[in-house]
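If you want the building blocks of each chain, they are given just below.
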Amino acid sequence: MTTTLRPTGPERLDADGSRSHSYDICVNGRPVGGVRLATDARFGPSAGRIEALAVHEPDRRRGRATVAALAAEEVLRGWGCRRIEASIPADAGPALRLAAALGYTERSRSMSKELSGAPVLPGGSAVRPLEAGEYPAWLEGRRAVHARAWTGRGVEPERARLSSEADHVRLLPDGPDTAGAVLRVLVHEGKDIGTLWLATAHEHGPGAWVFDVEVHPAHRGRGHGRTLMLAAERECLAAGVRTLGLNVFTDNTAALRLYESLGHRPTVHHLHKPLL
């Protein structure tokens, strides 16, 4: 039997150069599933993305998804893509095993935690609101850190800078007065030693989302990151929110271990693979 991809309609081309296309997965011309491909806006036209891939239940466990994923890679190579990205729910075991078998590696993961009682902050630590006069310097620093993070993962520097600026404008349209934005400074024994950026309502779904936790370099390794996360839990519960989510790069071992120790569990794995 021959498994192929058949376009379901015309390809979509946007003004910024991004493109997307949906296909039926066919076996001898019979549709058995579907796949949707696109270029990845973060990385530009050199990166493609499998946005969805599903095989109908009667045709699963017959290698259809494997052939479809390999065919998707060929389509993206034809688009000029040099890498491929995919996001897979943590409970989708077969899809994760297939991705591993095809050579995908994890770039980052989304995690979440269901909250109960408000934790107590360690002695000598407290949080205060980020003041309006502190906001411009904080924003400039966060934009730079965000851009460097993506540059280190293959995004062109200018694209990373523009993306970082656009993300912060979108997420903080009214600056420190943005509805649902929680900007806090951690104070320990009278010194400002870190910051927290939390959104109690966000685009990722129900619950709150930690966008940034930062401890000043001279104070790292002393448990202050944990204190900031405990402060985030307290802010969530005070706002009536009981689910806290975040994203962490997999190579940030210290942060990953911290979140796991606090009870955060993976919800989505974000994977990538070079297209040689």
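Everything below is about the structure printed above this text.
Definitions and cut-offs
- Residues numbered from 1 in each chain as written.
- Predicted model: local features only at pLDDT ≥ 70, side-chain atom pairs only at ≥ 80, totals over all residues.
- Heavy atoms only, no water.
- Salt bridge = Lys/Arg side-chain N within 4 Å of Asp/Glu carboxyl O.
- Helix = DSSP H or I, 4+ residues; strand = E, 2+ residues; numbered from the N terminus.
- Buried < 20%, exposed > 50% of the residue type's maximum accessible area, 1.4 Å probe, protein only.
- Contact = heavy atoms within 4.5 Å.
- Polar contact = N/O pair within 3.5 Å; in protein donor to acceptor, adjacent residues only side chain to side chain.
- 1 Å grid on protein atoms, 1.4 Å probe; cavity = no way out; pocket = protein on both sides within 12 Å on 5 of 7 lines; lining within 4 Å.
- Points joined across faces, edges and corners; volume = space filled by probe spheres on them.
- Nonpolar A, V, L, I, M, F, W, Y, C, P; charged D, E, K, R; others polar.
- Phe/Tyr/Trp six-rings, centres within 6.5 Å; stacked < 30°, edge-to-face > 60°.
- Lys NZ or Arg CZ within 6 Å of the ring centre and 35° of its normal.
- Expected span 1.5 Å × (residues − 1).
- Arc of directions from axis to C-beta.

Inspection of the entire model under this criterion finds 29 salt bridges. Between glutamate 85 and arginine 42 there is a salt bridge, and its shortest N-O distance comes to 3.7 Å. Taken together, the residues span a long stretch of sequence, with glutamate 85 in strand E6 (residues 83-89) and arginine 42 in the loop between strand E4 (30-40) and strand E5 (44-55) at a distance of 43 residues. Residue arginine 42 is classed as partly exposed on the basis of its relative accessible area, which comes to 29%. With a shortest N-O distance of 3.6 Å, arginine 77 and glutamate 73 are connected by a salt bridge. Here the residue arginine 77 and the residue glutamate 73 both occupy positions in helix H1 (residues 64-78), the gap between them amounting to 4 residues, near one helical turn. A relative accessible area of 30% means that arginine 77 is categorised as partly exposed. Within the structure, one salt-bridge network assembled from shared partners comprises Asp40, Arg42, Arg49, Glu85 and Arg107.

With respect to the secondary-structure elements, leucine 258 resides in helix H6 (residues 253-261). By relative accessible area, leucine 258 is classed as buried at 18%. For the pair leucine 258 and alanine 52, spaced 206 residues apart in the sequence, the C-alpha separation amounts to 31 Å. Other than its neighbours up to four places away in sequence, leucine 258 contacts Gly225, Arg226 and Met229.

Counting through the fold element by element, serine 108 comes out in strand E7 (residues 105-114). Since its relative accessible area comes to 5%, serine 108 is described here as buried. With 143 residues separating them along the chain, serine 108 and aspartate 251 place their C-alpha atoms 7.9 Å apart. Beyond its immediate chain neighbours, meaning those up to four positions away, serine 108 contacts Asn247, Val248, Phe249, Thr250, Val268, His269 and His270. Among the polar contacts listed, one links the side chain of serine 108 to the side chain of asparagine 247, at a separation of 3.4 Å.

Next up on the list: the side chain of aspartate 212. Within the secondary structure, aspartate 212 is located in strand E11 (residues 208-215). Within the structure, aspartate 212 has its side chain in polar contact with the side chain of arginine 142 (distance 3.0 Å). Residue contacts for aspartate 212: discarding those within four places in its chain leaves Arg142, Thr195, Leu196 and Trp197.

Below, the discussion takes up the layout of surface pockets. In this structure, the second largest pocket spans a volume of roughly 690 Å³. Only E5, H1, E6 and helix H2 (93-101) provide two or more residues apiece to the lining of the second largest pocket. Ranked by the residues each element gives to the lining of the second largest pocket, the list is headed by E5, at 7 residues. Residue composition of the lining of the second largest pocket, grouped by class: 17 nonpolar, 3 polar and 7 charged.

A complete count under the given rule lists 5 aromatic pairs for this structure. A centroid spacing of 5.6 Å and a plane angle of 80° characterise the contact between tryptophan 138 and tryptophan 197, whose relative ring orientation is edge-to-face. Within this pair, whereas tryptophan 138 is found in helix H3 (residues 135-151), its partner tryptophan 197 is found in strand E10 (residues 191-199), the two being separated by 59 residues in sequence. There is no split in this pair, since tryptophan 138 and tryptophan 197 are both buried. Taken together, the ring pairs connect Tyr135, Trp138, Trp197 and Phe211 into an aromatic cluster. Cation over ring: arginine 153 sits above phenylalanine 249, and NZ or CZ is 3.5 Å from the ring centre.

Our focus in this paragraph is helix H4 (residues 157-171). It helps to recall that an α-helix has 3.6 residues per turn; residues three or four apart then point in one direction. With 15 residues, H4 ought to run about 21 Å at 1.5 Å a step, and its terminal C-alpha atoms sit 21 Å apart, in line with that. What H4 keeps buried is the set Ala160, Ser164 and His168. Angularly, the buried residues of H4 cover 60° about the axis, an arc narrow enough to put them on a single face. Buried residues along H4 sit against H3 and E10.

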